[in-house]
Amino acid sequence: QPLPKNIKYGIVLDAGSSHTNLYVYEWPAEKENDTGVVRQVEVCKVEGPGISGYSHATEKAGPSLAQCLQQAEDVIPSAQHKETPVYLGATAGMRLLRLQNNSAAENVLSSVGNTLRSAPFSFQGARIITGQEEGAYGWITINYLLGNFKQSGWKKLLHSLKSSSETSGALDLGGASTQITFVSKDLTSESPDNQLYFRLYGKDYQVYTHSFLCYGKDQALQQKLARDLQTVENSSLPDPCFHKGYERTINISDFFKNPCTSDKKKQLPFSQLYIKGEGDYQKCRESIQKLFNKSNCPYSSCSFNGIYLPPLQGDFGAFSAFYFVMNFLNLTSEPNPLALNKVISTIESFCARPWQEVKAAYHHIKEKYLSEYCFSGAYILSLLENGYEFTEDNWQMIHFLGKIGSSDAGWTLGYMLNLTNMIPAEEPAGPPLSHGSYVGLMVLCSLVLVSVLLFAWLLFHKPKCLQKGIV
Ligand SMILES: Nc1ccn([C@@H]2O[C@H](COP(=O)(O)OP(=O)(O)OP(=O)(O)O)[C@@H](O)[C@H]2O)c(=O)n1
Ligand SMILES: [Ca+2]
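Residues numbered from 1 in each chain as written. Chains lettered and ligands numbered in written order. Predicted model: local features only at pLDDT ≥ 70, side-chain atom pairs only at ≥ 80, totals over all residues. Heavy atoms only, no water.

The name recorded for the protein chain in an unreviewed UniProt entry is Ectonucleoside triphosphate diphosphohydrolase 1, from Zonotrichia albicollis. What UniProt records for the protein chain under Subunit (unreviewed entry) is the sentence "Homodimer; disulfide-linked." Taken from UniProt, the Sequence similarities (unreviewed entry) comment for the protein chain reads in full: "Belongs to the GDA1/CD39 NTPase family." (UniProt positions renumbered as here; feature names shortened; annotations may be inferred.)

Printed below as a string of structure tokens:
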């Protein structure tokens, strides 16, 4: 008779630059150290901006989380609230706010800390995670969910026959930063900041990671506009990355306060800028390309801006905004990824559609998202092709994925697994057989035993009917 399941829970808040998500995870207590047992049971999108958006009213950052915390209380049985850990990790939006206004960043963190402390859960901290951690935990999450870490018995044998790479690289695109993380056999010690070593389930991993601050898709757009503003003649700016007929007004006053644009600060004779879409993919790609400085590389090989990048290796899972954008454009085809030229032609023709037509065709999608899919599609291609130098030949190694099973791809699960010590360095000494195999083997042994006994009995106590035949 199976014992009643003892379920444990954990909560992680992903305080991103554009918004905050609260995740609830659950796992069977007795299988804590197995791989692939933790699953996401709830996600709650916090209303309003990301916590870095409360820099002018820091005391409101914490209360903005209340509704999602209430949702977590409803999902997790009350008897377990006290023992459920809750973590908050803030990413690039808060890294930028810390650069721009350190005390505002601290006040925001203390406000969210106070709210989380007053929830009935076990508060484990609210902090800004580093870009390295963000990359590493994203890599751990997807490989944990894909079951790439622990293999035993037949699976191990199959894997070694299948000469495929053992882990999948991780590509994360946020609003303010982007991360690339993968196992590299050619990783040299040229750039220690980009090197990580893990020992997980008895295996060593040499991992490359880098986080590009200001290269999330929202900040990349700000960077592009800052460049365009250098040569603007009047307050009207034609922009090839927006659809024809689309117009947007930008306030110049705060524009250059952002650390991603401050080095391009310029006095302008107007306070508002009027962007007018042109819908020209080629021109858009050309203007985005300028964001990737490929001119100097102090290492054996680089991505851009003089940052070390070893040769790309294996498959990649591309998630968050990589997925949102490519999914909108119907370019996430799996298990057979589309060829690069098909991807380019789709984005090119999407950018060429007039804004009125796009708006009518997708009236259910938020205008903020919809108006930027042309820019975002072009930016993703630039980042992957010009930045990381993916080519037609290895493009199909990229798999755009939103979820793996019931869990979202992102850094939060890896963060929780690490902080709760749920991924052991050594392979746990599990039972050598699964329950099914054990039962099967016992039945087989019993049958053999019964047959032997029957045979012995027949041999030594021959029934009369048989003796007669023999005589
Ligand atoms: N259906 C959606 C959802 C989000 N977005 C966009 O995707 C970006 C945000 O991606 P996300 O991964 O949520 O970024 P954050 O975590 O908020 O940012 P960061 O990781 O840089 O802190 C934003 O530009 C948002 O406008 C989108 O285009 N379509
Ligand atoms: Ca993010």
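**Q** Explain the overall build of the protein chain residue by residue, including any values.
**A** Helices and strands together make up the secondary structure of the protein chain, namely 15 helices and 16 strands. Projecting the C-alpha coordinates of the protein chain onto the three principal axes gives extents of approximately 120 × 55 × 50 Å. With 471 residues in all, the protein chain has 49% of them scored as buried. Taking as baseline every contact in the protein chain between residues at least 6 positions apart, the subset at least 24 positions apart corresponds to 75%. A total of about 23,300 Å² of accessible surface is found on the protein chain, and carbon and sulfur atoms cover 54% of it. The distance from the centre of the 41 positive side-chain charges to the centre of the 43 negative ones in the protein chain is 5 Å. (Helix = DSSP H or I, 4+ residues; strand = E, 2+ residues; numbered from the N terminus. Buried < 20%, exposed > 50% of the residue type's maximum accessible area, 1.4 Å probe, protein only. Contact = heavy atoms within 4.5 Å. Areas by Shrake-Rupley, 256 points an atom, 1.4 Å probe, with all protein chains shown as cover. Lys, Arg positive; Asp, Glu negative; His and termini not counted. Charge placed at Lys NZ, Arg CZ, Asp CG, Glu CD.)

**Q** Any chance you could break down the sheet that holds strand β10 (residues 236-239) for me, citing the residues and the numbers?
**A** Read from one edge of the open sheet, three strands run β10-β12-β11, paired in mixed fashion. A single partner strand is all that each edge strand has here, and the edge strands are β10 and β11 (247-251). This sheet shows a mean twist of 25 degrees between the axes of neighbouring strands, independent of strand direction. Seen against the sheet, helix α6 (residues 217-230) touches β10, β11 and β12 (272-277) and runs at an angle of roughly 125 degrees to β10. (Pairing = 2+ DSSP bridges. Axes fitted to C-alpha atoms, helices over the stretch in contact; angles between N-to-C directions.)

**Q** Could you give me a rundown of the environment of Asn234, with the residues and numbers involved?
**A** Within the fold, Asn234 resides in the loop between α6 and β10. Considering only alpha carbons, one finds Asn234 and Leu268, 34 residues apart in sequence, at a separation of 9.1 Å. If sequence neighbours within four positions are ignored, Asn234 has contacts with Phe270 and Leu273. From its side chain, Asn234 meets the backbone nitrogen of Ser236 in a polar contact 2.9 Å long. (Polar contact = N/O pair within 3.5 Å; in protein donor to acceptor, adjacent residues only side chain to side chain.)

**Q** Describe unusual backbone geometry, with residues and values.
**A** With an omega of 10 degrees, the peptide bond running from Glu334 to Pro335 counts as cis. Looking at the element boundaries, Pro335 is found in the loop between α8 (321-328) and α9 (340-351). Notably, Cys214 is not glycine yet its phi reads approximately 80 degrees, a positive angle. With respect to the element layout, Cys214 can be found in the loop between β9 (203-213) and α6. Residue Asn330 is not a glycine yet carries a positive backbone phi of 60 degrees. Counting through the fold element by element, Asn330 comes out in the loop between α8 and α9.

**Q** Let's hear about the site of ligand 1: which residues, and what values?
**A** Around ligand 1 sit 20 residues, and of these Ser17, Ser18, Thr91, Ala176 and Asp218 come closest. Ala92 is positioned such that a nitrogen or oxygen atom in its backbone is 3.4 Å from an oxygen atom of ligand 1. Separating an oxygen atom of ligand 1 from a side-chain N or O atom of Lys217 is a distance of 3.0 Å. Notes on ligand 1: free accessible area 620 Å², of which the protein chains cover 89%. Only α6, α8 and α11 (367-370) provide two or more residues apiece to the shell around ligand 1. For the shell around ligand 1, the per-class residue count stands at seven nonpolar, nine polar and four charged. (Near = heavy atom within 4 Å. Nonpolar A, V, L, I, M, F, W, Y, C, P; charged D, E, K, R; others polar.)

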